[in-house]
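Structure assessment
The chain contents come next:
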Amino acid sequence: MHIAQAEHRIELVRRWGDAVIAPGSRVLEIGCGQGNATAVLAEAVGEGGDAVDPAPPDYGSPYTLAQAQSHLSANPVVGGRITWHRATPESFLQQTLADGQIWDVAVLAHCIWYFASPAVLAAILSALHGRARRLCIAEYALQATEPAAVPHVLAALATGMLEGSKPEGQSEGNIRSPMGPAAIVGVAREAGWIQQPPLPANDDSESSSSNSSSSSGGNIVVPRAGLLDGSWEAGFVVSEDFAQEIEEHVTDDRVKAVLRSTQEATVAAVRGLGEKGIKGVKTMDVWVSVFG
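Residues numbered from 1 in each chain as written. Predicted model: local features only at pLDDT ≥ 70, side-chain atom pairs only at ≥ 80, totals over all residues. Heavy atoms only, no water.

In the nomenclature of an unreviewed UniProt entry, the chain is known as Methyltransferase domain-containing protein of Apiospora saccharicola.

So, in structure tokens, the structure goes:
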């Protein structure tokens, strides 16, 4: 599982390009989590950088943030290159503003959907403008090149709707703001960022099954089967826990009806995979783009 996660992050760095994630660059990673992308970035640039995440030390499974980050810090190659910060991205950027800290690259890799609302992304990108020379984003594309990834798309939308129905401050799900590429590009543009032309597609990638250009700019990467996020997310939506959360947190009967229908559609899509069931669910396409 961890090898697949690392290979996926290596592919993201490759798609952003050597000219952007270049040796000697100082990197700020927003929403670093356990450090899956952090280690890859530190290896790629060979220099020190900052990794920010507000989650508590005991968050995460099978390894908590504290365990994973401590493990990386002890690594003789990349450990000394990473400075961890437990803070919201907004507070970290505010705290470092007076010091005049700037970075060559700011990276948001699979963290946008965790934000409480699109307004959080807007605030972060506005605060980063003028303090990072380049902005690298990777997020799920809300599309499925592989038919077996369709349940993941449905599950992401269902989970986002459920979390959005909860009172402010009570949402703890991994998917809170499932924004697609076009929406992210729009927020970035409003913050003053200009999307850069994507690198030419390369179907010989070793870390993904294929690459293609996106209608929203950037590249589309189709993850390999070893990336299990799709089966995790779909597994929650088809479970009784999801149905129970609908009853506990959603008061609008119309929203309840849509959520139940989305759960039913996810169940049907998983059933269509045959005997493999949830284990056969693949992870949806990933959108990768660079802004300057």
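Continuing now.
**Observations regarding the overall build of the chain**
Where we set the bar: A run of DSSP states H or I qualifies as a helix once it reaches four residues; a run of E qualifies as a strand once it reaches two. Both are numbered from the N-terminal end. In this setup the radius of gyration rests on C-alpha atoms only. A globule is expected at 2.2 Å times the number of residues raised to 0.38. When accessible area is computed with a 1.4 Å probe and restricted to protein chains, residues below 20% of their type maximum are described as buried, those above 50% as exposed, and intermediate ones as partly exposed. Any two residues whose heavy atoms approach within 4.5 Å are treated as being in contact. Each accessible area value is a Shrake-Rupley result obtained with a 1.4 Å probe; residue values ignore everything except the protein chains displayed when judging cover. Working convention for charge: Lys and Arg count positive, Asp and Glu count negative, and His plus the chain ends are omitted. The atom standing in for a charge is NZ when the residue is Lys, CZ when it is Arg, CG when it is Asp and CD when it is Glu.
Across its full length, the chain holds 10 helices and 8 strands. Taken over the C-alpha trace, the chain has a radius of gyration of 19 Å; the compact-globule value for 292 residues is 19 Å, and the two agree within 12%. Across its three principal directions, the C-alpha atoms of the chain cover 50 × 45 × 40 Å. For the chain, with 292 residues in total, the buried portion stands at 49%. For the chain, the share of sequence-separated contacts (at least 6 apart) that also reach a separation of at least 24 residues comes to 75%. For the chain, the computed accessible surface area is about 13,500 Å², with 52% contributed by carbon and sulfur atoms. Across the chain, the mean location of the 20 positive side-chain charges is 2 Å away from that of the 33 negative side-chain charges.

**Some details on the side chain of Thr-38**
By secondary structure assignment, the location of Thr-38 is in helix H2 (residues 36–45). Not counting chain neighbours up to four residues away, the residues in contact with Thr-38 comprise Glu-29, Cys-32, Ala-51, Ile-82 and Trp-84.

**So, helix H1 (residues 2–16)**
Keep this limit in mind: To estimate the expected span of a helix, subtract one from its residue number and multiply by 1.5 Å.
For H1, spanning 15 residues, the distance from its first C-alpha to its last is 21 Å, which sits close to the expected 21 Å at 1.5 Å a residue. Gly-17 occupies a position one or two residues after H1 and carries a positive phi of about 100°.

**What about the environment of Ser-70?**
Secondary-structure assignment places Ser-70 in helix H3 (residues 65–73). Each C-alpha atom, one on Ser-70 and one on Val-237, is 32 Å from the other, the two residues being 167 residues apart in sequence.

**Overview of the packing of helix H6 (residues 150–164) against helix H10 (residues 253–271)**
To be explicit about the condition: Geometry is summarised by axes, namely lines fitted to C-alpha atoms with helices restricted to the contacting stretch, and by angles between N-to-C directions that run from 0 to 180 degrees. Should an angle lie under 35 degrees it is considered roughly parallel, over 145 roughly antiparallel, and from 65 to 115 roughly perpendicular; all remaining angles are considered oblique. Two helices crossing with the near one rotated counterclockwise from the far one by less than a right angle form a left-handed crossing, whereas a clockwise rotation gives a right-handed crossing. Each residue is assigned to one class: nonpolar for Ala, Val, Leu, Ile, Met, Phe, Trp, Tyr, Cys and Pro, charged for Asp, Glu, Lys and Arg, and polar for all the others, Gly among them.
Taken N-terminus to C-terminus, the directions of H6 and H10 make an angle of 160°; their axes are 9 Å apart at the nearest point. The pairing of H6 with H10 is recorded here as roughly antiparallel in orientation. Along this stretch, H6 crosses H10, giving a crossing that reads as left-handed. In this structure, H6 contributes Pro-151, Leu-154, Ala-155, Ala-158, Met-161 and Leu-162 to the contact, and H10 contributes Val-255, Val-258, Leu-259, Thr-262, Ala-265, Thr-266, Ala-269 and Val-270. When its residues are assigned to classes, the contact of H6 with H10 shows 12 nonpolar, 2 polar and no charged.

**Focus on the nonpolar core**
To keep it simple, the criterion reads: To define a nonpolar core, start from buried Ala, Val, Leu, Ile, Met, Phe, Trp, Tyr and Cys residues and group those joined through side-chain atoms within 4.5 Å.
Formed by 57 residues in total, the largest nonpolar core has its most connected members in Trp-16, Ile-21, Leu-108, Leu-125 and Leu-128. When near neighbours in sequence (up to four residues on either side) are disregarded, Ile-21 contacts Val-13, Trp-16, Leu-41, Ala-44, Val-45, Val-105, Val-107 and Cys-136. With 11 residues, the next largest nonpolar core counts Ala-155, Leu-162, Phe-242 and Val-270 among its residues.

**Observations concerning the pairing of strand S7 (residues 219–223)**
Burial within S7 is extensive, with 5 of its 5 residues counted as buried. Neither face of S7 is open: one carries Asn-219, Val-221 and Pro-223, the other Ile-220 and Val-222, and all of them are buried.

**Remarks on the pattern of salt bridges**
How we decide: Should a side-chain nitrogen of Lys or Arg be within 4 Å of a carboxyl oxygen of Asp or Glu, the pair is scored as a salt bridge.
With the rule as written, the count across this model stands at 9 salt bridges. A salt bridge links Arg-14 to Glu-11; its shortest N-O distance comes to 3.0 Å. Here the residue Arg-14 and the residue Glu-11 both occupy positions in helix H1, the gap between them amounting to 3 residues, near one helical turn. In this structure Glu-11 comes out as buried when scored by relative accessible area, which is 1%. A salt bridge links Glu-245 to Lys-166, with the shortest nitrogen-to-oxygen separation between them at 2.8 Å. Placement of the pair is Glu-245 in helix H9 (residues 240–249) and Lys-166 in the loop between H6 and helix H7 (181–190), with a sequence separation of 79 residues. Each of the salt bridges in this network shares a partner with another, and the network as a whole consists of Glu-163, Lys-166 and Glu-245.

**Some remarks on a nonpolar patch on the surface**
So the rule is basically this: Within the patch definition used here, like charges are joined within 9 Å and nonpolar side chains (Val, Leu, Ile, Met, Phe, Trp, Tyr) within 5 Å, considering only residues with over 30% relative accessible area and no salt bridge.
On the surface, a cluster of nonpolar side chains totalling about 270 Å² of accessible area is made up of Met-1, Leu-228 and Trp-232. Considering the arrangement of structural elements, one finds Met-1 in the segment before H1. Note on Met-1: relative accessible area 39%, which makes it partly exposed.

**Looking at the state of the cysteines**
We count it as follows: Pairs of cysteine sulfur atoms within 2.5 Å are identified as disulfides in what follows.
The tally for this structure, following the rule as stated, stands at 0 disulfides. Among the cysteines around Cys-32, which has no disulfide bond, Cys-111 carries the closest sulfur, lying 9.4 Å off. Cysteine Cys-136 remains unbridged, with the sulfur of Cys-111 as its closest cysteine sulfur at 12 Å. Overall, Cys-136 belongs to the buried group, its relative accessible area being 0%.

**Section: the packing of aromatic side chains**
The test is simple: Geometry of aromatic contacts follows a simple scheme: Phe, Tyr and Trp rings, the Trp one being its six-membered ring, pair when their centres are within 6.5 Å, and the pair is stacked under 30 degrees between planes, edge-to-face over 60, tilted otherwise.
Tallied over the entire structure, the rule returns 4 aromatic pairs. Residues Phe-92 and Trp-103 carry aromatic rings whose centres are separated by 6.0 Å and whose planes lie at 40° to one another, so their mutual orientation is tilted. Placement of the pair is Phe-92 in helix H4 (residues 89–95) and Trp-103 in strand S4 (residues 103–109), with a sequence separation of 11 residues. Judged by relative accessible area, Phe-92 falls into the buried class, the value being 3%.

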